[in-house]
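So you can see what is in the structure, the chains are spelled out below.
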Amino acid sequence: KAKVFSQEIPSDYTLCVETAKTVAAEGHALEAVKLYERAESLNPNAPTLDSNLAPLYASLGNHSEAIKRYQRCASQDPNNIELCNNFAWTLMEAERFSEAIAEATRGLNKAEDSQRLHATLAMIHYRQGDHVKALQGFAKAQGSAAAHHNLSLLEIESGNIESAKEHLR
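In this report, the structure presented in the accompanying data block is examined. (Residues numbered from 1 in each chain as written. Predicted model: local features only at pLDDT ≥ 70, side-chain atom pairs only at ≥ 80, totals over all residues. Heavy atoms only, no water.)

1. Some remarks on the environment of L30
Right, so step 1: Tracing the backbone through its elements, the reader meets L30 in helix α2 (residues 29-42).
Right, so step 2: The exposure class of L30 is partly exposed, given its relative accessible area of 44%. (Helix = DSSP H or I, 4+ residues; strand = E, 2+ residues; numbered from the N terminus. Buried < 20%, exposed > 50% of the residue type's maximum accessible area, 1.4 Å probe, protein only.)

Here it is, written out as structure tokens:
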């Protein structure tokens, strides 16, 4: 006799969420977003999938939707430094610099030794054109030599070869 194992079939919601996680891990952001959105429509009473969707929207360049999701995440989990860093980075990518600085600063008030937040804040300053504050921020994050190295790479990327040479000296 063959034994029959009874196993509960997962709900459509669970299938969508689990498949979205797998698809996202494989680097297929658009497909993952569609699956997460489908899951949310299948079960509107389930906890939000904001923390899953925010970075995916950001990676697709949908900054407004990513920011909305990050705002909800930050209100639900205000002490999550990783989330704070990613939110600040997304705000910077959206060129909402004052909000990005405020978010990074909020995170640094909770974790003043966070190298990632210091580096993100430095990058925000760089993108704003304040290279002095960028250098100071990178130095806090990684030390003086690494700060000059980072700025030289950013300057090369921006086509500012002479400035890059100065940092390398």
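So much for the structure itself; the text now carries on.
2. Focus on the state of the cysteines
Right, so step 1: This model, assessed by the stated rule, comprises zero disulfides.
Right, so step 2: Here C16 stays free of any disulfide, with the sulfur of C73 as its closest cysteine sulfur at 20 Å.
Right, so step 3: Summary of cysteine pairing: C84 is not part of a disulfide, and the nearest cysteine sulfur, belonging to C73, is at 12 Å. (Disulfide = S-S within 2.5 Å.)

3. Quick look at the side chain of E155
Right, so step 1: Mapped onto the elements of the fold, E155 is located in helix α9 (residues 144-157).
Right, so step 2: For E155, which is buried and forms no salt bridge, the nearest opposite charge comes from R127, at a distance of 11 Å.
Right, so step 3: Once you skip the residues sitting within four places of it in the chain, E155 turns out to touch Y126, H131, N160, S163, A164 and H167. (Lys, Arg positive; Asp, Glu negative; His and termini not counted. Salt bridge = Lys/Arg side-chain N within 4 Å of Asp/Glu carboxyl O. Contact = heavy atoms within 4.5 Å.)

4. Quick look at the environment of F87
Right, so step 1: Tracing the chain through its elements places F87 in helix α5 (residues 81-93).
Right, so step 2: As for F87 and A74, which are separated by 13 residues in sequence, their C-alpha atoms are 8.4 Å apart.
Right, so step 3: For F87, the residues in contact, after removing those within four places along its chain, are I67, Y70, Q71, A74 and E103.

5. Quick word on the packing of aromatic side chains
Right, so step 1: Under the defined criterion, the tally for this structure stands at one aromatic pair.
Right, so step 2: Seen from their ring centres, Y70 and F87 are 5.6 Å apart, and the 20° between their planes marks the pair as stacked. Separated by 17 residues along the polypeptide, Y70 in helix α4 (residues 63-76) and F87 in helix α5 bring together distant segments of the chain.
Right, so step 3: When its relative accessible area of 4% is taken as the criterion, Y70 is described as buried.
Right, so step 4: On the accessibility criterion, F87 (6% relative accessible area) is buried. (Phe/Tyr/Trp six-rings, centres within 6.5 Å; stacked < 30°, edge-to-face > 60°.)

6. Let's talk about the side chain of D50
Right, so step 1: If you trace the backbone, D50 turns up in helix α3 (residues 50-59).
Right, so step 2: Within the structure, D50 has its side chain in polar contact with the side chain of R69 (distance 2.7 Å).
Right, so step 3: Among the polar contacts made by the side chain of D50, one reaches the side chain of R72 at a distance of 2.9 Å.
Right, so step 4: For D50, the contacting residues outside a window of four places in its chain are P55, R69, R72, C73 and Q76. (Polar contact = N/O pair within 3.5 Å; in protein donor to acceptor, adjacent residues only side chain to side chain.)

7. As for the nonpolar core
Right, so step 1: By size, the foremost hydrophobic cluster in this structure holds 28 residues, and its most contacted members are F87, M92, A104, I124, F138, L151 and L154.
Right, so step 2: At the level of secondary structure, the elements contributing two or more residues to this core comprise α4, α5, α6 (97-110), α7 (115-128), α8 (131-142) and α9.
Right, so step 3: With near-sequence residues (within four places) excluded, I124 lies in contact with A88, M92, F97, A100, I101 and A104.
Right, so step 4: Of all hydrophobic cores here, the second largest spans 17 residues; its members include A32, V33, L56 and Y57. (Core = buried A, V, L, I, M, F, W, Y, C linked by side-chain atoms within 4.5 Å.)

8. Concerning the pattern of salt bridges
Right, so step 1: The full count for this structure, using the stated rule, is 10 salt bridges.
Right, so step 2: K21 is the partner of E18 in a salt bridge, and the nearest nitrogen-oxygen pair spans 3.5 Å. Linking E18 with K21, this pair stays in helix α1 (residues 12-25), spanning three residues, or about one helical turn.
Right, so step 3: The exposure class assigned to E18 is partly exposed, which follows from its relative accessible area of 41%.
Right, so step 4: Owing to a relative accessible area of 40%, K21 belongs among the partly exposed residues under this scheme.
Right, so step 5: For R69, the salt bridge goes to D50, with nearest N and O atoms at 2.7 Å.

9. Observations regarding the packing of α7 against α8
If you want to describe how two helices pack, look at the angle between their axes and the distance between the axes.
Right, so step 1: Running from N to C, α7 and α8 point in directions that differ by 165°, and their axes come no closer than 7 Å. For the element pair α7 / α8, the angle class is roughly antiparallel. Crossing of α7 against α8: the hand is left-handed. Contacts from Q115, H118, A119, A122, M123, H125 and Y126 in α7 reach H131, K133, A134, G137, F138, K140 and A141 in α8.
Right, so step 2: Per-class residue counts for the contact of α7 with α8 are seven nonpolar, five polar and two charged. (Axes fitted to C-alpha atoms, helices over the stretch in contact; angles between N-to-C directions. Parallel < 35°, antiparallel > 145°, perpendicular 65-115°, else oblique. Left-handed = near helix turned anticlockwise from the far one by under 90°. Nonpolar A, V, L, I, M, F, W, Y, C, P; charged D, E, K, R; others polar.)

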